[in-house]
Amino acid sequence: MCMQTLLTRCMGHVDTWNKHFETAARLGFNAIHFTPPQQLGASGSSYSLFDQLALSDINFGSIAESERETRLAVELKRMEEEFGLLGFVDIVLNHTANNSPWLSEHPEATYNLRTAPYLNPAFLVDQALRKLSLDLRNGVYRESHGVDGNIRSEHDLHQVVTILRESVLPSLRLWEFYTVNVEQALAEFKEEVTKHPAETPSALFTGSEIDVMKKEGLVRDPRWGRFSVKPNIKWAIKLFGVVRNRPGDRHGVAECCRDYQKALDIINLPLYEQVNDHINAICRNVADRLRYERLASHGPQFGPLSEEHPLVEPYFTPIMRNDQVYTWCINNGWIWGGNPLENFASSPGFAYLRRDVIIWSDSVKLRYGKGPEECPWLWKRMREYVQRMAKNFHGLRIDNCHSTPLHVARYLIDSAREVRPNIFIMAELFTGNERYDNIFIAKLGINALIREAMSANDSHELGRLCHRYGGEPVGSIVRFYPPVYYDEKGVSADIILPAKPGTPPAVFFDCTHDNEPPTQKRTAQDTLPNAAAVWAAGCPVASTFGYDLIIPKHVPVTEHRLYPLFAEKQNDGIMKARKILNELHQRLSGQGYTEIHIHQEGELITIQRHNPRTHRAAYFIVHSAFSRNYSNDHPAPVRIPGRITQVLLAGRIETVQDASRWAPHETHVTGLASELRLWKADADGLIAPLFSLEPMTSEVGNTIIWESFPPGSVVVLETVLPAPAEAAIKHLSLLDTDNVRLQSMFASLSLSDFNGLLYCCDAEEKTHSGGSRGVYDVPRHGPLTYAGLQGWVSVLDDIRVDNNMGHPLFDNLRAGDWAMDFISGRLSTWPRLAAIQSWLVDNFGAAKLLPRHLIPKYFDKIVMKLYLSARQFITRHLMADFIWKTEDGFVRDLAMTAAQMVGDLAPVPLLSAALVGSERCLKTTMAAGLPHFSTGYMRAWGRDTFIALPGLLLVTGRFGEAREIILGFASSLRHGLIPNLLDSGFNPRYNCRDACWWFLQALQEYCTICPDGYKILQDQVVRLFPADDTVHDPANPHRSTAPLADIVQEIMQRHANGIQFRERNAGYQIDSLMQDRGFNVSIRFDQETGFIAGGNEFNCGTWMDKMGNSEMAHNRGVPATPRDGADVEIIGLVKSAVRWLTQASASGKYPYKGVEIKKADGTSLQLPFADWNTLVQENFEKYFWVPTDPKLDSKYKVETRYIHKRGIYKDTHGSHSNFSDYQLRPNYLVAMAVAPELFSAEKATRAIEVAEKYLLAPVGMRTLDPNDRQYRPNYDSGNMSDDYFTSGGYNYHNGPEWVWPVGFLLRAKLAFAPEKVRPSVLADMMQRLTRRHREIIRSSHWRGLPELTNENGSPCYSSCATQAWSSATILQAYFDLYTK
């Protein structure tokens, strides 16, 4: 859109309008913006409307009023059909002319002393200023202060303000409107308290009597007279009127009165201070206005005070009502820097009291109230006015939108859309705050805001405005890749796109009709550069009539002269150039030149408009002329990449009349006499008088060398890409369809291969490369999270949110090819990725032929093509149908953690070939978390692996990797335990009591989920430790094997008989923190309950395994959470195991029926799994339930004195610290998920509610009840203070919010959901509880869920950014939801 503003009153009679339309169309404009065509008020201002429903006599004087609107419609229709011009018009909603005839009939439509009595103080001030103005004119203060009605200096101004401050304002006693009359209130109180004292003091308000009195005990008389703030005597007596006997003293009426008076004085003090602040503001604002109107060189310089120009503009206008009584109504205006969401005329009216409003004294502010019911006549009238305009015009411009109450504007704009649904809404909105702008845009459906180049005070600000409103940056990356880009069938899961923060859309004016033109504010020579810069922007653009004529002064909205009627070939000022610019702007926009780039060197601005599809570009090179004192014919050379095909515009204003010698025409608006010089290029595309070209050395293109390009000059060039780059673009366009080729490359790859392609954190990459290579380090950004594609994609997605083309990664890409070479080069480590490597080399090779500024765009396309295709292939072809068929993007995000965490890290195999032989070497491992547990002996943890394995490998259908990991850990069985740390089998450590039970749980789920899963029990397992005391001999790797079923049986057998041993190499060499007794491992079996118990106060054998390490805090060697005894989650896992083995044995899938328990006398006892299962079932709730009703305590194994939360399950039973048994922790949720049969539904539901209420946090679950004295929610491993509970991260499991238990909460809720609950309700519950997880996994550079968070979900920088079990357990919960 190329729009021109016309002051309707200057267009003359409607009969001549077609001449103006013809001129506008000839110049290439396609839209006209009209100021209001209504009847105008006494001031003649285009925005002070006399009658909103009547058209102006100026334009329609010879036409009957009843026919005027019809004639307007005819002319606008003709304008559109004959001249191709759309019509836009201003609507004025905030005020009406102060001589509008309907004001007398409807004073309720204004803010006056009856409808808004809170304006009384402001009215007094306004009247006092009127009198002061008259007194100054009459010389009243000439002798006393040396000032009269002619204010000529700062001294005079200071004297006027002194008079105002010291004489005028004190006489008004403004404080009486806002404070309590203490003397009157005290007399009333004394009388009442003598007759009816309060009998007893109110304990509820003791100590806060004054605050309560302020809030509840003061009443404002709605008439807003003096001392209209009055105390409520009932509250006063209640708070201060207690008369009672006290030993040795009588607290009598006098003392009550003193207390009450003191309270009133305290209440009044800030009110007096507020009034003083108002007085200071009045003086300051009056001084500022006087200074601008009478002293400032850029002001109107009104001269001596007069009736037309008094001391300050009046804020109130008298309106004669029909009953012949004057009503004083406030005038409208605006506040510099005011809050646009607040109506500055509403109560308490301080803006008018303080004189903050810059007033329009010709217009009365309209009072709409809260809705049509408050002033129905006004709402109805303005609705009719707006709908009439909407009926005839294509768009509306909301004048003074920032001062229009939102609810009013919304109602009226909605009414306009009833008449014309697709009406274009633009607004004059100067809030000074983009957040406020966006509120107005959203609430009103504004299509564009008015923005202006003349607001720029220098060329750099002009360039910034052009960039801000001109379009997307050149080379912008794709906002969203549709599924068809990376999937041959174009199918994907739900797509959630982060909302892009956008610049409010603009109609960008070179100069609006409200402001000074370049001749007045800058120089006449800047008229063309300013227009060209604006017209280079890729947004609707606009100008105002007179700008092209190079008018020397702003044409006011009260202008009485008419616009000239131009002859057909007449071209004044820059009109010839305007035609070229209009045609060019419309062509570029229509052909998709949506991108822009700004380069500035001093006053020279180069604006590139770029087509992202063809990569053709138009370069607008403008030499600004902001100052008459600036002269430079040879500005800096300009680099133009590509091949110049034509010069579209070259020119400047050669001569222009001196504005000081210009005389305005009596009847018509005219501009300065001037000469516009336009050049045409020669056959070589050069304009010798202006510039020459030199070839660029770094890439194909030219450098413009200026021969003569003084300020005011403009050149517009068009370019295309050089031939090699065009060929490269053609090659890269195949990315849009190259799906089948990539799919064929992926077909032979394993999950481990994709781990290398997509992931590998710094430690993993260094391990893969033998230390020669880590992740890529982007200068000024830092190292990526992964060396694989995900590391790049995480940054690219951040850039994509706000299209940050200045990101350091893009700077790095524009500077050199290092990133592309890194991505393709690192794949040499994986021979199976050779085809992918060749694909990357091929496409990156094409990208390297492009101009450097385009490389980021195509780098993104190449990387995202490969990444999205790989991700789609993994979730669709390498994983279970469940992952693909749910169509839930979050499920796929979680599933991708399997590729992130599981892989073959050659130097860190699951079992080393040195121990089991190369033919039995197992390579696949699962990292517990990244980056801290990624390589070396810290990579593979028994507990973590088997908590995560069902979710990451079984649910996803990666049964091969799951089987390998199960058999690998089974090989390391010793003492009947699975090691906590495996260390490839070299130095496994057996210090955890729960890993073996998590192992059995994972094995059980493997058998039940995997097709023919029970066959794994027959697989032969290499025994690293056939006996507990077996020692490794690398020269003789062990070859003894046993079926996996025997490994399972050994676990059960050893636990049933108890386990007692001391860790090998106990001492500093395996654990520098643990005390000596902590190395003693003890596990017991209770034959009466079937429970497994163990541990002691010096070690920590469950997942809550933090060992103190601070000497200063004296917690070194002390477990923070020993959890010795029978742990609730282990009992649940035991129950799950014996239930499973009972069933498997009965069906012949497991060869053993039970365990043999050896007695001290040498005899033995057979314990069938079925009996063990029954023991646990019968005893669990008796030992672990903490009843809701204390009366039931005797029925359960509880000690009442330790209970501080009821309706839960104990965390442990039989620990050395009885109190810790009863601590509320999330562990019983594990038991609920794996062995729901242990729980009665009613008790389980209650316990889940308690856990959800007290433990569930935004991301994780609190590891301890917030009401517990040990609760410390913020973990910091670097904290080495003397705080026993937090030093050295001692609170690791005493409050921080771990994520993996959330999965078990979800599974527990599903397990105990009422049968009648619909699946959709459960799905909604899951969606609600995982909302933050969805956000995190899509925004974290690690693309996973963290190990834990600190208080209320705040980041914990000491933990792993992505943890295997965090994603796994939640994914397993979704598996339960969708399959069970």
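Scroll up a little and you will see the structure.
Residues numbered from 1 in each chain as written. Predicted model: local features only at pLDDT ≥ 70, side-chain atom pairs only at ≥ 80, totals over all residues. Heavy atoms only, no water.

1. Description of the overall build of the protein chain
When its secondary structure is counted, the protein chain shows 43 helices and 48 strands. Expressed along its principal axes, the backbone C-alpha trace of the protein chain runs to roughly 125 × 110 × 55 Å. Across the 1380 residues in the protein chain, those meeting the buried criterion constitute 59%. Once local pairs closer than 6 in sequence are excluded, the contacts in the protein chain between residues at least 24 apart make up 71%. About 54,500 Å² of surface is accessible on the protein chain, with carbon and sulfur atoms providing 51% of the total. Taking the average location of the 146 positive side-chain charges in the protein chain and that of its 157 negative ones, the two points are 3 Å from each other. (Helix = DSSP H or I, 4+ residues; strand = E, 2+ residues; numbered from the N terminus. Buried < 20%, exposed > 50% of the residue type's maximum accessible area, 1.4 Å probe, protein only. Contact = heavy atoms within 4.5 Å. Areas by Shrake-Rupley, 256 points an atom, 1.4 Å probe, with all protein chains shown as cover. Lys, Arg positive; Asp, Glu negative; His and termini not counted. Charge placed at Lys NZ, Arg CZ, Asp CG, Glu CD.)

2. A look at the nonpolar core
Ranked by internal contacts, the top residues of the largest apolar core, which has 224 residues, are L1044, W1172, Y1228 and M1232. When residues of this core are assigned to their parent elements, the largest contribution, 12 residues, is made by helix α27 (residues 855–877). When sequence neighbours within four positions are dropped, the list of residues in contact with M1232 reads Y1209, F1239, A1244, A1247, I1248, A1308, A1311 and F1312. With 116 residues, the next largest nonpolar core counts L7, A533, I574 and I596 among its residues. (Core = buried A, V, L, I, M, F, W, Y, C linked by side-chain atoms within 4.5 Å.)

3. Thoughts on the sheet that holds strand β27 (residues 701–706)
An order of β23-β27-β26 is seen for the 3 strands of this open sheet, with the pairing classed as antiparallel. Taken across any chain shown, the strands that pair with only one partner, and hence form the sheet edges, are β23 (638–641) and β26 (691–695). Sheet twist, expressed as the average angle between the axes of neighbouring strands with direction ignored, equals 30°. (Pairing = 2+ DSSP bridges. Axes fitted to C-alpha atoms, helices over the stretch in contact; angles between N-to-C directions.)

4. Observations concerning the side chain of T703
Relative to the helices and strands, T703 resides in strand β27. With near-sequence residues (within four places) excluded, T703 lies in contact with P637, V638, R639, S692, L693, E694 and M696.

5. A short note on the environment of H278
Relative to the helices and strands, H278 resides in helix α10 (residues 253–295). H278 sits 104 residues away from L174 along the chain, and the two C-alpha atoms are 9.4 Å apart.

6. Concerning unusual backbone geometry
Negative phi characterises most residues that are not glycine, and trans characterises most peptide bonds. Following S347, the chain continues into P348 via a peptide bond in cis, with omega recorded as 10°. Mapped onto the fold, P348 is located in the loop between β12 (326–334) and α11 (350–353). Of note, the amide linkage connecting L930 to P931 takes the cis form, showing an omega dihedral of 5°. Note that P931 resides in the loop between β33 (929–930) and α31 (942–954). Residues other than glycine seldom take positive phi values, yet W224 does so here, at roughly 55°. By secondary structure assignment, the location of W224 is in the loop between β7 (218–220) and β8 (229–231). W224 gets classed as buried once you look at its relative accessible area, which sits at 9%. Residue S984 is not a glycine yet carries a positive backbone phi of 55°. Structurally, the position occupied by S984 is in the loop between α32 (959–971) and α33 (995–1009). In this structure S984 comes out as buried when scored by relative accessible area, which is 8%.

7. Focus: the packing of helix α21 (residues 751–758) against α27
To characterise two packed helices, one gives the angle between the axes of the helices and the distance between these axes. Where α21 contacts α27, the two axes come as close as 11 Å, and the packing angle between them is 155°. Relative to α27, α21 is oriented roughly antiparallel. You can see that α21 and α27 cross each other, and the crossing is left-handed. Each of L751, F754, L757 and L758 in α21 lies in contact with α27, whose residues at this interface are L866, Y867, A870, F873 and I874. The class makeup of the residues in the contact of α21 with α27 is 9 nonpolar, no polar and no charged. (Parallel < 35°, antiparallel > 145°, perpendicular 65-115°, else oblique. Left-handed = near helix turned anticlockwise from the far one by under 90°. Nonpolar A, V, L, I, M, F, W, Y, C, P; charged D, E, K, R; others polar.)

8. Considerations on the packing of helix α29 (residues 889–901) against helix α43 (residues 1364–1379)
Two elements in contact, α29 and α43, have axes whose closest approach is 9 Å; the angle formed by their N-to-C orientations is 135°. Of the possible angle classes, the one that applies to α29 and α43 is oblique. Once α29 is placed against α43, the crossing between them reads as left-handed. The residues of α43 that touch α29, namely those facing F890, V891, L894, A895, T897 and M901, are A1364, S1367, I1370, L1371, Y1374 and Y1378. The class makeup of the residues in the contact of α29 with α43 is 10 nonpolar, 2 polar and no charged.

9. Quick notes on the packing of aromatic side chains
Taken as a whole and assessed by the stated rule, the structure comprises 70 aromatic pairs. A centroid spacing of 4.9 Å and a plane angle of 80° characterise the contact between W1103 and W1300, whose relative ring orientation is edge-to-face. With W1103 in the loop between β38 (1092–1094) and β39 (1126–1127) and W1300 in helix α40 (residues 1300–1311), this pair connects stretches of sequence that are 197 residues apart. Residue W1103 shares its accessibility class with W1300, and that shared class is buried. On the basis of an interplanar angle of 65° and a centroid distance of 4.9 Å, the ring pair of Y1292 and W1298 is categorised as edge-to-face. Both residues of the pair, Y1292 and W1298, count as buried. (Phe/Tyr/Trp six-rings, centres within 6.5 Å; stacked < 30°, edge-to-face > 60°.)

10. A few points about α43
With 16 residues, α43 extends 22 Å between its outermost C-alpha atoms, agreeing within 8% with the 22 Å of an ideal straight helix rising 1.5 Å per residue. With respect to burial, α43 is a largely interior element, 14 of its 16 residues being buried. (Expected span 1.5 Å × (residues − 1).)

11. Observations concerning the state of the cysteines
Summed over all chains, the structure comprises 0 disulfides. Cysteine C2 shares no disulfide, and the gap to the nearest cysteine sulfur, in C539, comes to 10 Å. The buried category is assigned to C2, whose relative accessible area is 0%. With no disulfide partner, C539 has as its closest neighbouring cysteine sulfur the one in C466, 8.6 Å distant. Residue C539 is classed as buried on the basis of its relative accessible area, which comes to 10%. (Disulfide = S-S within 2.5 Å.)

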